[in-house]
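Chain by chain, the residues:
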Amino acid sequence: MNDLDIHFLGTGGGRFAMTTQRRRTAGIRLVHGGTQVHIDPGPGALVFSNWAGLGPQSLGGLVVTHCHPDHYGDAEVFIEAMTHGTTNRRGTLAATRSVLWGSDGVGPSVSAYHRGLVGEVVEMRPGTEFNVNDLGFTATEARHSDPATVGLLIKTPGLGTVGYTSDTGYFPELGSIYHGVRLMILCTMWPRAQRLEKHLSTDEAESILRDARPGCAVITHFGMRMLNAGPEEEAAHLEEASGVPVVAAVDGLKVSLGDQIMFQGPRKSDKPRVVEA
């Protein structure tokens with residue numbers, strides 16, 4: 001059985017982190033055997049995918065959870081790569097109506113021309129299910145300034161389920177959506193005692209973890225205030241407060257789901273962390 005490798009090619013979120021590139025906004029790559037799916041390819045996704053040896057020509061799927069540029073910036077160029085320079089109608093594009101068609105005054109961010117290049121287009125709403133080979137995806141509810149925004153549940157054969165909140169404000173049912181997932185990825189923009197409307201802070205992430213009780217968690221998609229506060233300190237607080245193992249993502253972090261979950265930083269000197277979950 002193949003492990004699921006999750007590559008955090010970028011861990012920045014919001015306009016200031018995006019425009020300064022204090023943290024990259026390149027999104028997340030899933031690799032399971034021969035299947036590769038990229039989630040939220042913001043600006044820099046093309047450059048840092050190639051830099052990491054994960055060229056987008058190998059993609060079988062592209063997922064865009066909402067129509068903000070830190071999540072869609074490189075989507076069209078990824079479609080051109082996934083379709084082998086537009087020569088092969090292949091791959092799945094899964095995105096919200098705002099990304100695909102435009103809605104509520106937002107978007108679209110993928111042109112009709114690019115939609116027509118792929119093998120399959122899936123419009124994601126909460127409850128939408130689709131597959132990219134043996135990876136199963138379910139869109140989940142989110143509440144964000146783009147009303148069409150969704151999160152994700154990602155089901156893997158024999159390796160459990162991964163939850164991804166995308167950008168969302170807190171609401172009481174949020175933890176139950178991801179209850180019992182093996183790994184939860186929380187887009188946590190701001191630190192403790194600082195609230196940002198329609199995004200998550202550390203305090204709200206703590207409430208979600210208490211309700212969801214995942215096997216372990218990663219916080220990512222950091223805004224400038226989170227970066228100034230120190231994501232590692234916020235992750236340590238979350239772990240102590242919730243009892244859930246929590247890792248603060250860094251650009252280049254690789255998470256491998258196998259019999260155990262291993263977190264490996266980008267430098268050779270980084271000591272891996274292994275979680276029994």
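Preceding block: the structure.
A few points on the structure.

Reading the values: rules and limits
Residues numbered from 1 in each chain as written. Predicted model: local features only at pLDDT ≥ 70, side-chain atom pairs only at ≥ 80, totals over all residues. Heavy atoms only, no water. Pairing = 2+ DSSP bridges. Helix = DSSP H or I, 4+ residues; strand = E, 2+ residues; numbered from the N terminus. Axes fitted to C-alpha atoms, helices over the stretch in contact; angles between N-to-C directions. Phe/Tyr/Trp six-rings, centres within 6.5 Å; stacked < 30°, edge-to-face > 60°. Buried < 20%, exposed > 50% of the residue type's maximum accessible area, 1.4 Å probe, protein only. Salt bridge = Lys/Arg side-chain N within 4 Å of Asp/Glu carboxyl O.

### A few points about the sheet that holds strand 17 (residues 273-275)
Consider a sheet: its strands pair through backbone hydrogen bonds, and that pairing is either parallel or antiparallel.
Working step 1: Taking strand neighbours across the sheet as the criterion, the nine strands line up as 6-5-4-3-2-1-15-16-17 in an open arrangement whose pairing is mixed. Pairing within the sheet leaves two strands with one partner each, and these edge strands are strand 6 (120-123) and strand 17. Averaged over all pairs of adjacent strands, the angle between their axes in this sheet comes to 15 degrees, without regard to strand direction.
Working step 2: As defined by bridge partners, strand 3 (residues 35-39) adjoins strand 4 (residues 61-64) across three bridges and the pair is classed as parallel. Following the sheet pairing, His38 is matched in strand 4 by Leu62.

### Description of the packing of aromatic side chains
Working step 1: Evaluation of the coordinates by the stated rule reveals two aromatic pairs.
Working step 2: Taking the centre distance of 6.3 Å and the plane angle of 80 degrees together, the rings of Phe48 and Trp51 count as edge-to-face. With Phe48 and Trp51 both in helix 2 (residues 45-51), this residue pair falls three residues apart, about one helical turn.
Working step 3: Residue classification places Trp51 among the exposed residues on the basis of a relative accessible area of 61%.

### Considering the pattern of salt bridges
Working step 1: By the definition in use, this model includes 11 salt bridges.
Working step 2: Here Arg24 and Asp251 are joined by a salt bridge, their closest N and O atoms 3.9 Å apart. Here the residue Arg24 occupies a position in the loop between helix 1 (15-20) and strand 2 (28-32), and Asp251 occupies one in the loop between strand 14 (246-248) and strand 15 (253-257), the gap between them amounting to 227 residues.
Working step 3: By relative accessible area, which is 16% here, Arg24 ends up buried.
Working step 4: Taking relative accessible area as the criterion, Asp251 reaches 16% and is therefore assigned buried.
Working step 5: With a shortest N-O distance of 2.9 Å, Glu141 and Arg143 are connected by a salt bridge.

The values reported here are purely geometric and, on their own, carry no functional implication.
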